[in-house]
Amino acid sequence: MDLRIFTEPQQGATYDTLLTVAKATEDLGFDAFFRSDHYLKMGSADGLPGPTDAWITLAGLARETKRIRLGTLMTAGTFRLPGVLAIQVAQIDQMSGGRVELGLGAGWFEEEHKAYGIPFPKEKFGRLEEQLEIVTGLWATEAGSTFDFHGTYYDLTDSPALPKPAQAKIPVLVGGHGPSRTPALAAKYADEFNMPFGSVEDSERQFARVRTAAEEAGRKADELTYSNALVVCVGKDDQEVARRAAAIGREVPELKSNGLAGSPAEVVDKIGRYAEIGSRRIYLQVLDLHDLEHLELISAQVQSQLS
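Keep in mind that what you see is a predicted model, and the values were worked out from it rather than measured. (Residues numbered from 1 in each chain as written. Predicted model: local features only at pLDDT ≥ 70, side-chain atom pairs only at ≥ 80, totals over all residues. Heavy atoms only, no water.)

A.B. asks: Help me understand helix α11 (residues 292-306) in this model?
C.D. replies: At 3.6 residues per turn, the α-helix brings residues three or four places apart onto the same side. Taking 1.5 Å per residue as the helical rise, α11 with its 15 residues ought to reach 21 Å, and the 20 Å between its terminal C-alpha atoms agrees with that figure. Approximately 35° is the largest bend angle found in α11, and it occurs at Ser-299. All buried positions along α11 are accounted for by His-294, Leu-295, Leu-297, Ile-298, Ser-299, Val-302 and Gln-303. Each element contacted by the buried residues of α11 is listed here: β1 (2-7), α1 (15-27), β10 (225-234), α8 (238-247), α10 (264-276) and β12 (281-286). (Helix = DSSP H or I, 4+ residues; strand = E, 2+ residues; numbered from the N terminus. Expected span 1.5 Å × (residues − 1). Bend = angle between axes of the 7 residues up to and from the residue. Buried < 20%, exposed > 50% of the residue type's maximum accessible area, 1.4 Å probe, protein only. Contact = heavy atoms within 4.5 Å.)

And the structure:
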C-alpha cells in the first residue's frame, strides 16, 4: 500500500510551507506529494496569504525534491487549455526527472471561477473527455509527427506535439463518484482511478464499475491502479487525536466515520479494509500543514506497519 501526502493549499499555505511539507514527505519515506488545484478557500478557513498555483508549485518542487512523485488531485479542466496544460506538465516532468502524474477533473467550484474571472462552462464533462484525449494524444505523438484534433470544444491543427515528457508515459488519474461516465473515462484514458472521500462500501462499488468499464473497453481491469483519498487525523492517544481534530475544525467521531482517524492501530486497520477491496494507494489529506509531527507519527507507526 502506497501512502501519499495530499494537501489543500487554498485553505492557507505559502510556497515555503508546501516546500517544507514536500521535503518532509520525501525524508519520511512517503511515496508522493500531491496538491489540490483551487484558487479560493472553502469553509471557515481564512485562506491567507492567498492561493498558489498548482503547476507553478509543482515546478518549484520538481527542482527541490529528488525522489517523491508529484501531482494533482485534481487539476481543474476549466483552468487551462489542454494544449497548454500538456506543455506545462511535460516541462515539469522534465524538470523533475520523470516524477510527475496528472490528475485531471472537470472542475466544479463555481465560486472560484467567479472570483478570478475564469469561465465556468455549463458542459464540463464533454470538455474533460476532449481534454483527456488531447493531452494524452499530444504526449503519445511520435517526435517529428504532428497531432490534429477537431472536436466540439477544442480544435488543434498541425501541432508539433512538443515538448515530450521525460517519462515514456505520464500516469493519468481520473476519479469521482459518477456511476457511468466517470468509469468510462477512466477505462479509456486513466492509469489510475481515484475514489475521493468514499466509504469502503462505496469504493468497492465504484471500483467494480471501473473494472467492468475497463474490460468492456478491451483493457484488463488490473491495468489500472485503484486508490482512495481520505482525510487523516492520527494521534498516539485520544487527547492527541482530539487536539488534531480541533485544529482542523472537525469532530473525532465524524473523522473516524469518514476518514482515517484515531490511533495508529485504528488507522492501519481501516486502511486494511480498503486494501481488501482492491485499493493499492491512499492519498492522506493533511489539513494542518504546520503539524510536521503528525507526518512523523504516520511514517513511524502507520506506514511502517503497511510496508
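A.B. asks: Looking at this structure, I do not really get the packing of aromatic side chains. What am I missing?
C.D. replies: Two aromatic rings are characterised by how far apart their centres lie and by the angle between their planes. For the structure shown, the criterion picks out six aromatic pairs. Considering the side-chain rings of Phe-34 and Tyr-283, the 5.0 Å spacing of their centres and the 70° angle between planes classify their relative orientation as edge-to-face. Pair noted here: Phe-34 is in strand β2 (residues 32-35) and Tyr-283 is in strand β12, with a separation of 249 residues, a long-range link. Each member of the pair, Phe-34 as well as Tyr-283, is classed as buried. Relative to Phe-79, the ring of Tyr-39 has its centre 4.6 Å away and its plane inclined at 25°; by these criteria the two rings are stacked. Pair noted here: Tyr-39 is in the loop between β2 and α2 (54-64) and Phe-79 is in the loop between β4 (75-76) and α3 (82-96), with a separation of 40 residues, a long-range link. Among the residues examined, Tyr-39 registers a relative accessible area of 17% and is labelled buried. With relative accessibility at 15%, the residue Phe-79 sits in the buried group. Pairwise contacts between aromatic rings join Tyr-39, Phe-79 and Tyr-116 into one cluster. The positively charged end of Lys-124 is found above the aromatic ring belonging to Phe-120, 4.2 Å away from the centroid. (Phe/Tyr/Trp six-rings, centres within 6.5 Å; stacked < 30°, edge-to-face > 60°. Lys NZ or Arg CZ within 6 Å of the ring centre and 35° of its normal.)

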